[in-house]
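Per-entry structural report
Read off the chains here:
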Amino acid sequence: MSDTLTIAGKIYSSRLLVGSGKYASFAQNAEAADASGAEIVTVAIRRVNLGQDASAPNLLDFIRPDRYTLLPNTAGCYTADDAIRTCRLARELLDGHRLVKLEVLGDPKTLYPDITATLEAAKVLVQEGFEVMVYCTDDPIQCKRLEEIGCVAVMPLAAPIGSGLGIQNRYNILTIVENAKVPIIVDAGVGTASDAAIAMELGCDGVLMNTAIAEAKNPVLMASAMRHAIIAGREAFLAGRMPMRRYASASSPIAGVIG
Amino acid sequence: MSLMVNGRAEPLPAPATLEGLVDALHLTGQRLAIEHNSQIVPRSLWDTTPVADEDRIEIVKAIGGG
């Protein structure tokens, strides 16, 4: 059965998107990305450290642009202007690459999205031809607005970035999915494999995660667990779960019991 | 002359170009993007873009992030 994810016209067979932050080494990052089966990997755009050793290893030697679709993010941006500038720099850095992850944050303690600024930045970026995957709150109305602006994927949080708290408001996620005409990808808050499976069972098109893999005791094994959880959750969603009942319903026939 | 590179004053003998700055910072050959006085300059124009005293320059690269 072919069950693919299409984002901005490009077809992906994996519904797991992974980050490249917080790993012990580039090599561990590469091994985890490989084990996750992800085809899209986020990267951050930052000032180079002046005076560094020119021969020091580079992330892109390990997470290679010819293997992965890179998703440059605007992490750390607290204004629409900074996020827009970062996207423009990313486009230049990656040779005209248009796919970006937009996030405009509200405060450093919660890393919660500033939705007003996010909407403002999304409008400008879409007008400039960027393919915007947007990190946002799990608010069905704002998610719809971001879709209407022209974002190619809407990515509500499940819980705060890096919290590992799992999906805090599954009914909102369900509503967002039901309303959507673009892929809905849960971004942030997933802590372990069951969280990823729940997101997929709710009908999400994918899950983006970083810390859940990078901060696991064994990141490569957790990456593999997440790969399976995403597939399991997706298949369960497509299969359609049984109804919940308050009382038991015997699985074995009642007729023919001895005695 | 002195340039403001990534928020830090960097001396550079005049005249110079963005390409010359990249070389002087030992960043030659790396995958970078440059903003020169708030304008992004494509890599193909670095060697013909002059820099002047007190210019503000941002030089960025991709690093790990989520």
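For the structure, see preceding data.
Below is a short write-up of the structure. Everything quoted here is computed from the prediction, not taken from an experiment.

Another point: the overall build of chain A. A count of helices and strands for chain A gives nine helices and ten strands. Taken over C-alpha atoms, the radius of gyration comes to 20 Å for chain A, in line with the 18 Å a tight globule of 259 residues would show. Within chain A, buried positions represent 51% of all 259 residues. When contacts within chain A are restricted to residue pairs at least 6 apart in sequence, those whose partners lie at least 24 apart make up 66%. Total accessible area on chain A is roughly 12,300 Å²; 52% of this is exposed by carbon and sulfur atoms. Positive and negative side-chain charges in chain A, numbering 24 and 28 respectively, have mean positions lying 4 Å apart.

Another aspect to go through is the nonpolar core. Residues and elements named next belong to chain A. Core analysis: the largest hydrophobic core is formed by 72 residues, its most contacted members being L102, M209, I213 and M226. A total of seven residues in this core trace back to one element, the largest contributor, which is helix α3 (residues 80–93). Leave out the neighbours within four places in its chain, and M209 touches L16, L17, V18, G19, V190, A196 and M226.

All names here are of chain A. Taken in spatial order, the three strands make up an open sheet running β6-β7-β8, and their pairing is parallel. Among the strands making up the open sheet, the edge pair consists of β6 (99–102) and β8 (153–156). Neighbouring strand axes in the sheet, compared pairwise and without regard to direction, differ in orientation by 20° on average.

A few words on the packing of helix α4 (residues 115–127) of chain A against helix α5 (residues 140–149) of chain A. Residue and element names in this part refer to chain A. Where α4 contacts α5, the axes come no closer than 9 Å and their chain directions differ by 15°. With respect to their mutual orientation, α4 and α5 come out roughly parallel. Between α4 and α5 lies a crossing of right-handed hand. Between α4 and α5, the contacting residues are I115, T118, L119, A122, K123 and V126 on the first element and Q142, R145, L146 and I149 on the second. Each residue belonging to the contact of α4 with α5 can be placed in one class, and the counts come to six nonpolar, two polar and two charged.

For the rest of this paragraph, the subject is the pairing of strand β7 (residues 56–64) of chain B. Summarising the sheet, strand β4 (residues 40–47) of chain A and β7 of chain B pair through five bridges and their orientation is antiparallel. Paired with V43 of chain A across the two strands is G64 of chain B, which belongs to β7 of chain B. For strand β1 (residues 2–5) of chain B and β7 of chain B, the ladder comprises two bridges, and the chain directions are parallel. Opposite V5 of chain B, over in β7 of chain B, you have I57 of chain B as the bridge partner. The pairing of strand β4 (residues 33–36) of chain B with β7 of chain B spans four bridges and is classified as antiparallel. Across the sheet, the residue bridging to A33 of chain B is V60 of chain B, located in β7 of chain B.

Residues and elements named next belong to chain A. Counting through the fold element by element, V190 comes out in the loop between β9 (185–187) and α7 (193–201). Classification of V190 by relative accessible area gives buried; the value is 5%. Expressed as a C-alpha distance, the spacing of V190 and A212, which sit 22 residues apart in the sequence, is 6.3 Å.

So, on to the pattern of salt bridges. This structure, assessed with the given rule, holds 18 salt bridges over all chains. Across the salt bridge formed by D95 of chain A and R43 of chain B, the nearest N and O atoms sit 3.4 Å from each other. Of this pair, D95 of chain A sits in the loop between α3 and β6 while R43 of chain B sits in the loop between β5 (39–41) and β6 (50–51), which puts the two residues in different chains. By relative accessible area, which is 31% here, R43 of chain B ends up partly exposed. A cluster of three or more residues bridged by salt bridges with shared partners is formed by D3, R15 and R234 of chain A.

Cut-offs used in this document
- Residue indices follow the written sequence of each chain, beginning from 1 at its first position.
- Each chain takes a letter, starting from A, and each ligand takes a number, starting from 1, following the order in which they are written.
- The predicted origin of the model limits local features to residues at a pLDDT of at least 70 and limits the giving and counting of side-chain atom pairs to 80 or more, whereas totals for whole chains, interfaces and linings rest on all residues.
- Working from all heavy atoms in the structure, the side-chain values ignore hydrogens and water.
- Only DSSP runs of H or I reaching four residues or more are called helices, and only runs of E reaching two or more are called strands; each is numbered from the N terminus.
- What the globule rule says is 2.2 Å times the number of residues to the power 0.38, and the radius of gyration is computed from C-alpha atoms.
- For every residue, the accessible area (1.4 Å probe, protein chains only) is compared with the maximum for its type, and the residue is labelled buried under 20%, exposed over 50%, or partly exposed between those bounds.
- By definition, residues are in contact when any of their heavy atoms lie within 4.5 Å.
- Exposure was quantified through the Shrake-Rupley algorithm and a 1.4 Å probe, taking into account, for residues, occlusion by the shown protein chains and nothing else.
- Residues scored as charged are limited to Lys and Arg (positive) and Asp and Glu (negative), so that His and the chain ends carry no count.
- We put the charge of a Lys on NZ, of an Arg on CZ, of an Asp on CG and of a Glu on CD.
- Buried residues of nine kinds, namely Ala, Val, Leu, Ile, Met, Phe, Trp, Tyr and Cys, make up a nonpolar core once their side-chain atoms join them within 4.5 Å.
- DSSP calls a pair of strands paired once it identifies at least 2 bridges connecting them.
- To obtain an axis, a line is fitted to C-alpha atoms, over the contacting stretch when the element is a helix, and the angle between two such axes runs from 0 to 180 degrees between their N-to-C directions.
- Oblique is the label for any angle not under 35 degrees, not over 145, and not in the 65 to 115 range, which are roughly parallel, roughly antiparallel and roughly perpendicular in turn.
- Take the far helix as the reference: if the near one is turned anticlockwise from it by less than a right angle, the crossing is left-handed, and if turned clockwise, right-handed.
- For this classification, the nonpolar set comprises Ala, Val, Leu, Ile, Met, Phe, Trp, Tyr, Cys and Pro, the charged set comprises Asp, Glu, Lys and Arg, and every other residue, Gly included, is treated as polar.
- By definition, a salt bridge exists where a carboxyl oxygen of Asp or Glu is found within 4 Å of a side-chain nitrogen of Lys or Arg.

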